[in-house]
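Structural description and commentary
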Amino acid sequence: MKKRKVLIIGGGIAGLSAGSYLVRNGYDTEIFEAHTRPGGVCTSWKRGDYIFDYCIHWLVGTSSGTGYDCVWRELGMLEDEQGKTNSNSQNDHSGENN
Ligand SMILES: Cc1cc2nc3c(=O)[nH]c(=O)nc-3n(C[C@H](O)[C@H](O)[C@H](O)COP(=O)(O)OP(=O)(O)OC[C@H]3O[C@@H](n4cnc5c(N)ncnc54)[C@H](O)[C@@H]3O)c2cc1C
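Just so it is clear, the structure is predicted and the values come from calculations on it, not from any experiment.

Conventions used here
- Residues numbered from 1 in each chain as written.
- Predicted model: local features only at pLDDT ≥ 70, side-chain atom pairs only at ≥ 80, totals over all residues.
- Helix = DSSP H or I, 4+ residues; strand = E, 2+ residues; numbered from the N terminus.
- Buried ≥ 20, exposed ≤ 12 C-beta atoms within 10 Å, placed from the backbone.
- Contact = placed C-beta atoms within 7 Å.
- Expected span 1.5 Å × (residues − 1).
- Near = placed C-beta within 6 Å.
- Nonpolar A, V, L, I, M, F, W, Y, C, P; charged D, E, K, R; others polar.

We now examine the overall build of the protein chain. The helix and strand inventory of the protein chain stands at two helices and four strands. In the protein chain, the succession of α and β elements from N to C terminus is β-α-β-β-β-α. Among the 98 residues that make up the protein chain, the fraction classed as buried is 4%. Of the contacts made within the protein chain by residues no fewer than 6 positions apart, 30% connect residues no fewer than 24 positions apart.

Next up on the list: helix H1 (residues 13–24). An α-helix turns once per 3.6 residues; consequently, residues spaced three or four apart project the same way. An ideal rise of 1.5 Å per residue puts 16 Å on twelve residues; H1 measures up with 16 Å between its terminal C-alpha atoms. Looking one or two places after H1, you find Gly26, whose phi comes out positive at around 90°.

Attention now moves to the site of the ligand. Residues in close proximity to the ligand total 21 residues, the closest being Gly10, Gly12, Ala14, Ala34 and Gly40. Considering each element in turn, the shell around the ligand owes the most residues, three residues, to H1. Along the lines of polarity and charge, the residues of the shell around the ligand split into 13 nonpolar, seven polar and one charged.

Pasting the structure below:
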């Protein structure tokens, strides 16, 4: 069967997350980003010895077991208690909110 392809416009956290889940669920995926680097408004930059963090000061989903917490861990953005990320899951979180 022909692999389905999904085109994503924008490589912010939403586009990157969607792309990650799509690839893990077998879709051929391409992300189009207008900027020179991915991340959208969730970005940082270095100037001299300083790192300017434009985002995040408050992360939704740090409580273990909540919907967002599962997503962050699946995407490899949060470590577990042993300092490991779990970015191999193929769970479908559609419809979950938290
Ligand atoms: C200063 C600041 C602090 C924040 N703090 C927090 C926080 O503490 N906690 C929290 O949960 N959230 C926070 N947020 C909000 C959070 O960062 C955003 O909600 C989230 O990053 C938005 O992601 P997004 O992918 O939806 O959109 P965006 O990050 O806006 O990404 C959209 C991407 O699409 C690209 N794009 C747009 N049009 C096109 C096009 N036609 N073709 C190709 N590419 C295109 C853009 O260049 C961009 O990279 C903060 C936001 C800001 C600005």
